[in-house]
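Letter by letter, the chains look like this.
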Amino acid sequence: MAHCALEVADIFRTHGSAWRQAERGHLSLGQLKVMSAIEQCRSAALGGHVLRCEGCRQVEIAYNSCRNRHCPKCQAGAARRWLEARQADLLPVEYYHVVFTLPAPIAEIAYQNKAAIYGLLFDVAAETLCTIAADPRHLGASIGATLVLHTWGSALTHHPHVHGIVPGGGLAPDGKSWVACKHGFFLSVRVLSRLFRRRLLEELQAVHRRGRLQFFGEHVALADASAFARWLVPLRQCEWVVYAKRPFAGPEAVLAYLSRYTHRVAIANSRLVAMDEHGVAFRWKDYRASGKTRHKTMTLGADEFMRRFLLHVLPGGFHRIRHYGLLANGSRKANLARVRELLHAVPAVHSHTPDSAAEIEHAKPCFVCLHCGAAMLVLQTFARGETIRAPPQQPHAP
């Protein structure tokens, strides 16, 4: 993989210390941990390995990753492992992509109540899909869905929404047949939007009554029940954004999509253009424009860039990928087996069998030389703060 010329880590290492001092008391412990992890990722601070290539004898140092889920450099491996586990879940049916978005006013208070409102977004979106799909006037079947939370827009603004990947059909109420949706059409977006709006506002008001919401700054008055009820009124009348994209072109396209979306962070290093005295420049997509004018470059001051990036730090332990209905973790294996039986389909083929997995894993090198592609041997492992010994001298040929 090509090394990016500029990385988020470079921005934090250059400007993070001064910004932390300026924002002391305004950054959460979670945000400070993310900054520290990204700054130290793949540096001597986390330890690493001294490696030697078996082919060209090149000696290199590989530093350890921080493995923080907000770090742009640490997501490729996590996404690959997750996708390998999900391959067995794919069914030989059309898959649809639906998106549920929170309106801007709710997004503002969601930032102050991430765990509560992001959790509602997940659960209400899943309930909406399952309820409408179960209605005989629409599909009349029990469906499954995988939902992935994204909290950002292309310009790093706070824009919480969930992407849903849904098989195009479900089990009949008696469980004895598979009910497929119409080709190219899943469920009515208008109907989904109306139910999503009603149910989320109901749940939001219920959470407020239980005292689980906090309000700060300009929203502090919403702590009063009457004020909160008045604040909800316009939200019952505006349109909420729920949309469905065209079905994927087969299971392979679903996996390709998931590999890009499941472990994505607020901004990839590949979108960064430059960092100089003017700030940080990065590529972004303006969805209000069309054609070539949609792709633009934005420059933000380093402080503002870091502020926007840290808007998207999730609460500790919060799961940003969740499965519902037929794909719920507790019953997924049995449900998928039943669906494949009804579809007369065989399980997805794995890249290796369980018996040979250990052999293949042993044969596959953990480190590969960038110069010749041969496997690299670990000569030395060093922990945090340890000094690296000089590599051993290469023996001279007789």
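Below is a summary of the structure that appears in this document.

### Re the overall build of the chain
Then comes step 1: On a plain count of helices and strands, the chain comes out with eleven helices and 13 strands.
Then comes step 2: For the C-alpha atoms alone, the extent of the chain along its principal axes is close to 85 × 60 × 45 Å.
Then comes step 3: In the chain, the share of contacts with a sequence separation of at least 24, taken over all contacts with a separation of at least 6, comes to 70%.
Then comes step 4: In the chain, the 49 positive side-chain charges and the 30 negative ones have mean positions that sit 2 Å from each other.

### Quick look at the pattern of salt bridges
Then comes step 1: The final tally for this structure, using the stated rule, is 15 salt bridges.
Then comes step 2: The salt bridge partner of arginine 332 is aspartate 89, with a shortest N-O separation of 3.4 Å. With arginine 332 in helix α10 (residues 332–343) and aspartate 89 in the loop between α3 (75–86) and β3 (95–101), the pair connects residues that are 243 residues apart, well separated along the chain.
Then comes step 3: Here arginine 308 makes a salt bridge to glutamate 304, at a shortest N to O gap of 2.8 Å. Of the two residues, arginine 308 and glutamate 304 both sit in helix α9 (residues 302–310), four residues apart, roughly one turn of that helix.

### Comments concerning α9
Then comes step 1: Among the residues of α9, those classed as buried are Ala302, Phe305, Met306, Arg308, Phe309 and Leu310.
Then comes step 2: The inward-facing, buried residues of α9 contact α1 (8–22), α2 (29–40), α5 (114–134), β9 (272–276), β10 (279–285) and β11 (295–300).

### Observations regarding the sheet that holds strand β4 (residues 144–152)
Then comes step 1: Reading across the sheet, the five strands line up as β8-β3-β5-β4-β12 and stay open at both edges, with antiparallel pairing between neighbours. Edge positions in the sheet fall to β8 (242–244) and β12 (321–325), since each of these pairs with one other strand and no more. Between one strand axis and the next, the sheet turns by 20° as a mean value, whatever way the strands run.
Then comes step 2: The pairing of β4 with β12 spans five bridges and is classified as antiparallel. Looking at β12, one finds that glycine 144 is bridged to glycine 325.

Reading the values: the criteria
Residues numbered from 1 in each chain as written. Predicted model: local features only at pLDDT ≥ 70, side-chain atom pairs only at ≥ 80, totals over all residues. Heavy atoms only, no water. Helix = DSSP H or I, 4+ residues; strand = E, 2+ residues; numbered from the N terminus. Contact = heavy atoms within 4.5 Å. Lys, Arg positive; Asp, Glu negative; His and termini not counted. Charge placed at Lys NZ, Arg CZ, Asp CG, Glu CD. Salt bridge = Lys/Arg side-chain N within 4 Å of Asp/Glu carboxyl O. Buried < 20%, exposed > 50% of the residue type's maximum accessible area, 1.4 Å probe, protein only. Pairing = 2+ DSSP bridges. Axes fitted to C-alpha atoms, helices over the stretch in contact; angles between N-to-C directions.

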